[in-house]
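Structural overview
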Amino acid sequence: PETRETKVGAAEVRQVFQISRGRVAGCLVTEGRVAQNSRSRVLRNGNIEVETRIETIRRIKDEVKEVRAGTECGIHLLDYSDYEPGDIIECYEVETFRASL
């Protein structure tokens, strides 16, 4: 089978916050949408730092499932906390297609 990645959205890290459970990236969603449990990668200077999943998204003090473009939120990634201002968190979906002749 063939696999194809489709970019769903992206968020720019504006500030990093230290909380009791670790570090959280304060982000502005710049395009598309960012959803909880979606596949994501952290891009720093155009290079991929890590590929993981979004563990939690917080909007003000509420945990939300999805955030759309133009909105600020806090993002915590699964097993990653080395955020830096200017990083891009890119969300994508992987679609699998049956091979055709």
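This section reports on the structure supplied with the text. None of these values were measured; they are calculated from a predicted model.

By size, the foremost hydrophobic cluster in this structure holds 17 residues, and its most contacted members are Cys-27, Val-34, Ile-54, Cys-73, Ile-75, Leu-77 and Ile-89. Secondary structure elements with two or more residues in this core: strand E1 (2-19), strand E2 (22-35), strand E4 (47-59), strand E7 (72-77) and strand E8 (88-97). Here this core takes four residues from E2, the largest share from any one element. Beyond its immediate chain neighbours, meaning those up to four positions away, Ile-89 contacts Gly-9, Ala-10, Ala-11, Val-13, Ala-25, Cys-27, Ser-40, Arg-41, Val-42, Ile-75 and Leu-77.

It is possible for side chains of opposite charge to pair when their charged atoms get near one another. In the structure shown here, the tally under the stated rule is 14 salt bridges. With a closest N to O distance of 3.0 Å, Glu-66 and Arg-68 form a salt bridge. On the basis of relative accessible area, Glu-66 is assigned to the partly exposed category, the value being 34%. Take Arg-68: its relative accessible area is 53%, and that puts it in the exposed class. A cluster of three or more residues bridged by salt bridges with shared partners is formed by Glu-5, Lys-7, Glu-31, Arg-41, Glu-51 and Glu-90.

Within the secondary structure, Arg-44 is located in strand E3 (residues 39-44). Separated by 2.7 Å, the side chain of Arg-44 and the backbone oxygen of Asp-82 make a polar contact.

On to the packing of aromatic side chains, then. The tally for this structure, following the rule as stated, stands at one aromatic pair. Relative to Tyr-83, the ring of Tyr-80 lies with its centre 5.6 Å away and its plane at 85°, an arrangement referred to as edge-to-face. What makes Tyr-83 buried here is its relative accessible area of 2%. A cation over a ring is seen here: Arg-41 above Tyr-92, with NZ or CZ 4.1 Å from the ring centre.

A few words now on unusual backbone geometry. Positive phi, close to 65°, is recorded for Asn-37, a residue that is not glycine. With respect to the element layout, Asn-37 can be found in the loop between E2 and E3. Residue classification places Asn-37 among the partly exposed residues on the basis of a relative accessible area of 48%. For Ile-60, which is not glycine, the phi torsion reads 60° and is therefore positive. Along the polypeptide, Ile-60 turns up in the loop between E4 and strand E5 (62-64). Relative accessible area serves as the criterion here: at 75%, Ile-60 is assigned to the exposed category.

The rules we used
Residue positions are counted from 1 within each chain, in the order its sequence is given. Reporting of local features is limited, given that this is a predicted model, to residues whose pLDDT is at least 70; pairs of side-chain atoms are given and counted only at 80 or more, and all residues count toward the totals for whole chains, interfaces and linings. For the side-chain quantities, the full set of heavy atoms in the structure was used; hydrogens and water were omitted. What is meant by a nonpolar core is a set of buried Ala, Val, Leu, Ile, Met, Phe, Trp, Tyr and Cys residues, joined one to another through side-chain atoms within 4.5 Å. Only protein chains enter the accessibility calculation, which uses a 1.4 Å probe. A residue is then buried if its area is under 20% of the maximum for its type, exposed if over 50%, and partly exposed in between. Think of it this way: any DSSP run of H or I at least four residues long counts as a helix, any run of E at least two long counts as a strand, and we number them from the N terminus. Two residues qualify as a contact provided that any one of their heavy atoms is within 4.5 Å of a heavy atom in the partner residue. Each reported salt bridge corresponds to a side-chain nitrogen of Lys or Arg within 4 Å of a carboxyl oxygen of Asp or Glu. Here a polar contact means two N or O atoms within 3.5 Å. Within protein one must be a hydrogen donor candidate and the other an acceptor candidate, and residues neighboring in sequence count only if both atoms are side-chain atoms. Pairing of aromatic side chains here covers Phe, Tyr and the six-membered ring of Trp, requires ring centres within 6.5 Å, and sorts the geometry by plane angle: under 30 degrees stacked, over 60 edge-to-face, intermediate tilted. Working rule: Lys NZ or Arg CZ, within 6 Å of ring centre, within 35 degrees of ring normal, means a charge sits over the ring.

No statement about biological role is implied by the geometric values presented.
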